[in-house]
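# Observations on chain architecture
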2 protein chains.
Amino acid sequence: MSLPEPVRRDTRLDNYVDRYAARAHGMTASAIRALFAVANRPEVVSLAGGMPNIADLPLDAVGSVVHDLVVDNGRVAMQYGSGQGEPMLREQICDIMRLEGVVAHPDDITVTVGSQQGLDLVTRIFCDPGDVVLCEAPSYVGALGVFSSYQCDVVHVAMDEEGLDPQALTEAIGAVRNAGKRVKFLYTIPNFHNPAGVTQSLERRQQVLAVAKAADLLVIEDNPYGLLGFDGEPIPAIRSLDADTVVYLGSFSKTFAPGFRIGWVLAPHAVREKLVLAQESATLCPPVFSQFAISAYLAKHDWRSQIKIFKEMYRDRRDAMLAGLSDHMPAGTSWTVPEGGFFVWVTLPPGLDSQSMLPRAVTARVAYVPGTAFYADGFGSRHMRLSYCFPTPERIIEGTRRLGEVLEYEMSVNETFGTAIHQGSFKPYEAPGANQT
Amino acid sequence: MSLPEPVRRDTRLDNYVDRYAARAHGMTASAIRALFAVANRPEVVSLAGGMPNIADLPLDAVGSVVHDLVVDNGRVAMQYGSGQGEPMLREQICDIMRLEGVVAHPDDITVTVGSQQGLDLVTRIFCDPGDVVLCEAPSYVGALGVFSSYQCDVVHVAMDEEGLDPQALTEAIGAVRNAGKRVKFLYTIPNFHNPAGVTQSLERRQQVLAVAKAADLLVIEDNPYGLLGFDGEPIPAIRSLDADTVVYLGSFSKTFAPGFRIGWVLAPHAVREKLVLAQESATLCPPVFSQFAISAYLAKHDWRSQIKIFKEMYRDRRDAMLAGLSDHMPAGTSWTVPEGGFFVWVTLPPGLDSQSMLPRAVTARVAYVPGTAFYADGFGSRHMRLSYCFPTPERIIEGTRRLGEVLEYEMSVNETFGTAIHQGSFKPYEAPGANQT
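Predicted model, so just to flag it, every value in this text is computed and none were measured.

Calculation notes
Residues numbered from 1 in each chain as written. Chains lettered and ligands numbered in written order. Predicted model: local features only at pLDDT ≥ 70, side-chain atom pairs only at ≥ 80, totals over all residues. Heavy atoms only, no water. Helix = DSSP H or I, 4+ residues; strand = E, 2+ residues; numbered from the N terminus. Buried < 20%, exposed > 50% of the residue type's maximum accessible area, 1.4 Å probe, protein only. Areas by Shrake-Rupley, 256 points an atom, 1.4 Å probe, with all protein chains shown as cover. Contact = heavy atoms within 4.5 Å. Least-squares fit on C-alpha atoms with pLDDT ≥ 70 in both. Core = buried A, V, L, I, M, F, W, Y, C linked by side-chain atoms within 4.5 Å. Salt bridge = Lys/Arg side-chain N within 4 Å of Asp/Glu carboxyl O. Pairing = 2+ DSSP bridges. Right-handed = clockwise from strand over helix to strand, strands pointing away. Buried area = accessible area lost by both parts, 1.4 Å probe. Axes fitted to C-alpha atoms, helices over the stretch in contact; angles between N-to-C directions. Disulfide = S-S within 2.5 Å. Polar contact = N/O pair within 3.5 Å; in protein donor to acceptor, adjacent residues only side chain to side chain. pLDDT = per-residue confidence, 0-100.

What chain A contains, in helices and strands, is 12 helices and 16 strands. Counting all 437 residues of chain A, 62% fall into the buried class. Surface summary for chain A: the accessible area is close to 16200 Å², and the carbon and sulfur share equals 53%.

So, in structure tokens, the structure goes:
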């Protein structure tokens with residue numbers, strides 16, 4: 001007696017897997033994304049996310065602004081708009097960039113769905129599969145995701161206490177070109193780097209620009225935090241030093257509010273023309289109501305004072321984090337001291353691995369982003385990014401206390417049972433601007 | 001005596017032309033875009049644009065909705081949100097789609113920056129350069145732009161009075177596959193087609209779906225106008241007939257307002273996962289404030305009655321256009337009779353060319369979109385798209401009067417001087433559902 005033939009069942013979870021584009025294989029969930037679910041639980045102190053704290057925004061005033069906008073001008077503000085973005089907002093953007101020394105014409109600006117979409121559109125018009133993009137080591141996780149989705153090869157360039165190292169940049173360009181590959185641009189975050197927390201001095205910006213110009217290389221300057229410096233005047237943007245070599249990305253997400261999803265790209269005129277065509281293809285036009293709302297807020301509200309309020313609030317939180325780290329981190333841990341922005345980059349004692357440690361940290365009710373998220377090449381396991389932007393100072397200090405306990409525990413386990421040292425974790429460019437406690 | 005050597009000048013207008021990605025070469029300004037500048041002059045009756053008429057929206061009520069949203073919930077509504085889109089809005093979207101027979105779970109929806117971005121993301125995850133996309137002949141100009149920007153090959157499929165022809169679809173799939181090319185999906189607009197103005201009957205939808213399933217082909221169903229039918233109940237969406245084969249694109253641009261830039265994609269679960277990753281890479285998250293605003297509008301306002309008001313208003317305008325065409329078009333002109341939506345597709349008398357005629361039409365203070373905009377292959381010169389959505393009925397009738405004079409003049413010139421007949425203009429699939437006046 002024979003058993004019946006087993007019925008063939010389709011066990012693939014994704015019936016469409018054979019049909020996706022090659023680029024879809026590069027679209028994978030980021031560590032930050034996977035963390036959101038746990039880190040949002042109220043008992044967890046999340047030092048992971050990059051959400052700005054918008055609690056200080058004048059909600060009554062903003063509410064009146066959007067009410068009047070609909071009632072007085074709703075038929076325009078709720079209609080389709082320009083693919084390039086609304087002219088009045090583009091003028092106001094020029095006023096804002098002037099605070100960092102950028103002199104620009106509104107016609108050279110393309111409004112985008114947050115500066116994330118600016119980066120997506122810039123990559124879309126410049127990068128073929130296999131093209132190389134140069135990024136700092138480490139670099140913004142969302143940028144790495146964009147470059148991966150366009151099938152670019154990311155080559156990381158070392159940083160030091162002043163950010164991107166011009167000598168390392170020269171060498172990286174040479175090495176890539178000697179390998180017969182094509183570099184499309186350098187992507188850099190000069191102010192209050194995400195995740196490294198360091199800032200390029202003016203002299204450093206001049207050096208980086210000189211290297212890029214000598215190599216005939218475009219510079220993509222990503223500057224979401226530039227106006228959130230804690231002390232003194234903003235350092236001039238790289239774009240203020242050269243209009244032809246630099247494509248500048250700006251955002252209202254940190255100086256106003258991210259939910260409107262409005263950023264911008266300032267680019268040389270010919271590039272701007274391509275960007276507008278790409279924007280029309282991607283969305284027809286960026287969110288019109290959001291643009292009118294921000295434009296009215298800027299016109300009717302003292303936004304400079306609002307930014308000052310934000311800066312002082314974030315400085316207090318930065319100070320809380322630095323104090324907490326000093327009090328609670330075990331010996332052998334180091335971190336950067338940001339002069340603005342949202343992030344501190346921590347280097348763990350030898351033998352610790354931020355990625356494998358994460359589940360225990362979440363169990364101890366503290367979350368961070370493992371350093372590996374900020375590298376395209378698997379490095380970063382001895383680092384973590386801590387953000388101080390969203391939790392209160394008290395919660396930040398409590399978070400560092402919990403984190404300190406996790407590190408102490410990990411070290412005691414390693415001492416007891418030994419540990420494998422990950423070779424990849426000790427490359428010099430993995431410790432940008434580390435300041436020993 | 002010799003003249004000095006001439007100084008070599010860089011005469012390229014675009015210094016970056018050598019650096020663009022291959023896909024950027026497919027990004028060119030559309031006929032619609034070039035028209036906006038002239039068609040927006042007040043003295044021109046524009047029958048060109050597809051802007052909805054949102055003058056009937058209750059601005060006071062919407063103003064109160066957004067005011068209360070900021071004051072009561074601004075810290076959430078103005079913050080970063082979900083890459084997939086806000087859960088409450090996704091539930092409401094399911095309620096809306098139920099009106100066309102679609103039963104869907106909120107978790108299978110991805111919110112997008114208008115349905116244009118839905119189409120961009122779907123193409124992004126499915127299409128490699130050289131992949132074939134099947135489209136109706138003619139098809140939506142914005143879709144052709146997306147397919148071009150992803151370097152797809154568009155193959156047009158004939159239509160008749162009931163829209164896409166299933167027999168022609170079968171033949172097109174066979175021809176493409178015999179040529180060794182890969183078809184990634186069929187893109188179709190079943191309701192009140194843009195630009196053709198025709199609608200697939202339920203039986204036709206079943207036939208199209210059967211052909212697609214037999215060929216193991218995904219169907220992208222683009223349905224921005226489905227709820228704007230002038231008579232009777234909506235015909236069930238193709239998606240209501242099959243959940244695995246159909247990716248459905250929806251939009252609030254025509255049933256509420258386009259300036260919030262909110263659309264959605266309903267897709268099988270595995271595809272939805274890719275879409276969310278693509279959305280996060282493209283924008284981090286779709287506009288949060290827009291989503292909360294629409295969600296609150298849907299919850300607090302009788303949006304079904306509002307859609308009824310829109311339908312009656314558009315029906316009056318459709319009637320005005322049909323009357324104007326009957327009164328003013330010369331013999332030999334034919335057009336479709338849309339049962340909803342925004343557009344009439346006109347077939348000109350032999351010998352006329354809508355593209356070359358356009359400058360004279362604009363001089364006569366009437367604008368339209370030449371049929372060539374809706375073909376990827378250069379056909380369409382004997383057609384034009386007329387929209388009745390935005391101008392008042394009186395302006396629509398005046399527009400058709402001016403257009404009739406332009407046609408009469410062109411025909412008299414042709415009679416006097418003779419004309420070259422464009423071979424390409426007489427392919428049978430260029431006259432979808434043409435009803436002789």
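Turning our attention to the side chain of B:Thr400. Residues and elements named next belong to chain B. Mapped onto the fold, Thr400 is located in helix H12 (residues 393-417). Since its relative accessible area comes to 0%, Thr400 is described here as buried. Apart from the residues within four sequence positions on either side, Thr400 is in contact with Leu47, Met321, Gly324, Leu325, His328 and Met329.

On to the relation of the copies chain A and chain B. The operation relating chain A to chain B is a screw motion whose rotation component is 180°, with 0.0 Å of axial translation and a residual RMSD of 0.0 Å. Given the turn and translation reported, the copies of this chain are related as if by a two-fold rotation axis. Relative to the rotation axis, the C-alpha of A:His67 is the closest in chain A, positioned 2.5 Å from it. Taken as a fraction of all interface residues of chain A, those also at the interface in chain B reach 100%, which identifies the copy contact as same-surface.

A word on the nonpolar core. A:Met78, A:Phe126, A:Phe147, A:Phe185, A:Tyr187, A:Phe252 and B:Phe252 are the most contacted members of the largest nonpolar core, which has 194 residues in total. The residues touching A:Phe252, leaving out its near neighbours within four places in the chain, are A:Leu89, A:Ile93, A:Ile96, A:Ala257, A:Ile262, A:Trp264, A:Ile294 and A:Leu298. One finds B:Val44, B:Leu121, B:Ile125 and B:Ile189 within the second-largest nonpolar core, a separate group that totals 46 residues.

By the definition in use, this model includes 32 salt bridges over all chains. The closest approach of N and O atoms between A:Arg272 and A:Asp107, which form a salt bridge, is 3.2 Å. With a gap of 165 residues between them, A:Arg272 in helix H8 (residues 269-283) and A:Asp107 in the loop between helix H3 (87-98) and strand E2 (109-112) connect regions that are remote in the sequence. In this structure, the salt-bridge partner of B:Lys213 is B:Asp242, at a minimum N-O distance of 2.4 Å. Residue B:Lys213 is found in helix H7 (residues 202-214), and its partner B:Asp242 is found in the loop between strand E8 (218-222) and strand E9 (246-251); the two are separated by 29 residues along the sequence. Salt bridges sharing common partners tie together A:Asp120, A:Arg124, B:Asp120 and B:Arg124.

Let's shift gears to the pairing of strand E4 (residues 153-157) of chain A. Residues and elements named next belong to chain A. Where strand E3 (residues 132-136) and E4 come together, 5 bridges link them in parallel fashion. Its bridge partner being in E4, Glu136 is matched across the sheet by Val157. Considered for its hand, the β-α-β crossover made up of E3, helix H5 (residues 141-149) and E4 is right-handed.

It is common to give the size of an interface as the accessible area lost on bringing the parts into contact. Taken together, the contact between chain A and chain B spans 82 residues of the former and 82 residues of the latter. With both sides pooled, the region where chain A packs onto chain B buries about 7000 Å², and carbon together with sulfur makes up 59% of that total. When residues of chain A are sorted by the area they lose upon contact with chain B, A:Arg19, A:Met78 and A:Tyr80 head the list and together hold 11% of the total. Its salt-bridge partner being A:Asp120, residue B:Arg124 comes within 2.9 Å of it at the nearest N-O pair.

Residue and element names in this part refer to chain A. The sheet built from 7 strands is open, its strands ordered E2-E10-E9-E8-E7-E3-E4 with mixed pairing. A single partner strand is all that each edge strand has here, and the edge strands are E2 and E4. Strand-to-strand, the axes of this sheet are offset by a mean angle of 20°, without reference to chain direction. Taken together, the 4 bridges between E3 and strand E7 (residues 183-188) define a ladder with parallel strand orientation. Following the sheet pairing, Val132 is matched in E7 by Val183. Seen against the sheet, H3 touches E2, strand E9 (246-251) and strand E10 (263-266) and runs at an angle of roughly 105° to E2.

Bringing the sheet that holds E8(B) into the picture now. All names here are of chain B. One open sheet holds the 7 strands; their spatial order is E2-E10-E9-E8-E7-E3-E4, and the pairing between them is mixed. A strand with exactly one partner marks an edge of an open sheet, and here the two such strands are strand E2 (109-112) and strand E4 (153-157). With direction set aside, neighbouring strand axes in the sheet form an average angle of 20°. Here helix H3 (residues 87-98) sits on the sheet and contacts E2, E9 and strand E10 (263-266); the angle it forms with E2, its principal contact strand, is near 105°.

This part covers the state of the cysteines. Residues and elements named next belong to chain B. Overall, the coordinates contain 0 disulfides over all chains when judged by the stated rule. Distance from the sulfur of Cys152, which forms no disulfide, to the nearest cysteine sulfur (Cys127) is 3.7 Å. Relative accessible area serves as the criterion here: at 10%, Cys152 is assigned to the buried category.

Residues and elements named next belong to chain B. For Gln200, the location among the structural elements is in the loop between strand E7 (183-188) and H7. Owing to a relative accessible area of 1%, Gln200 belongs among the buried residues under this scheme. A distance of 3.0 Å separates the side chain of Gln200 from the side chain of Thr188, its partner in a polar contact. Apart from residues lying up to four places away in sequence, Gln200 is in contact with Glu136, Glu162, Gly163, Leu164, Thr188, Pro190, Arg205, Val208, Ile235 and Ile238.

Let us look at the confidence of the model for chain A. Residue and element names in this part refer to chain A. In this model, chain A carries an average pLDDT of 91, and 90% of its residues clear a pLDDT of 70 or more. In this model residues 8-12 is a low-confidence stretch, pLDDT under 50, and it forms 3 contacts with partners more than four residues away in sequence or in other chains. pLDDT under 50 marks residues 422-437. Its contacts with residues more than four places away, or in other chains, come to 49 contacts.

What follows deals with unusual backbone geometry. All names here are of chain A. Residue Pro138 is reached from Ala137 by a cis peptide bond, and omega for that bond is 5°. Assignment of secondary structure puts Pro138 in the loop between E3 and H5. In this model, Asn194 is joined to Pro195 through a cis peptide bond whose omega is 15°. Note on placement: Pro195 falls in the loop between E7 and helix H7 (202-214). The phi torsion at Asp216 lies on the positive side, around 55°, for a residue other than glycine. With respect to the helices and strands, the residue Asp216 is situated in the loop between H7 and strand E8 (218-222). Given the relative accessible area of 52%, Asp216 is considered exposed.

Next up on the list: helix H5 (residues 141-149) of chain B. Residue and element names in this part refer to chain B. Taking burial as the measure, the 9 residues of H5 include 7 buried ones, the bulk of the element. Val141, Gly142, Ala143, Leu144, Val146, Phe147 and Ser149 are the residues of H5 that are buried. Phi turns positive one or two residues past the end of H5, at Gln151, with a value near 60°.

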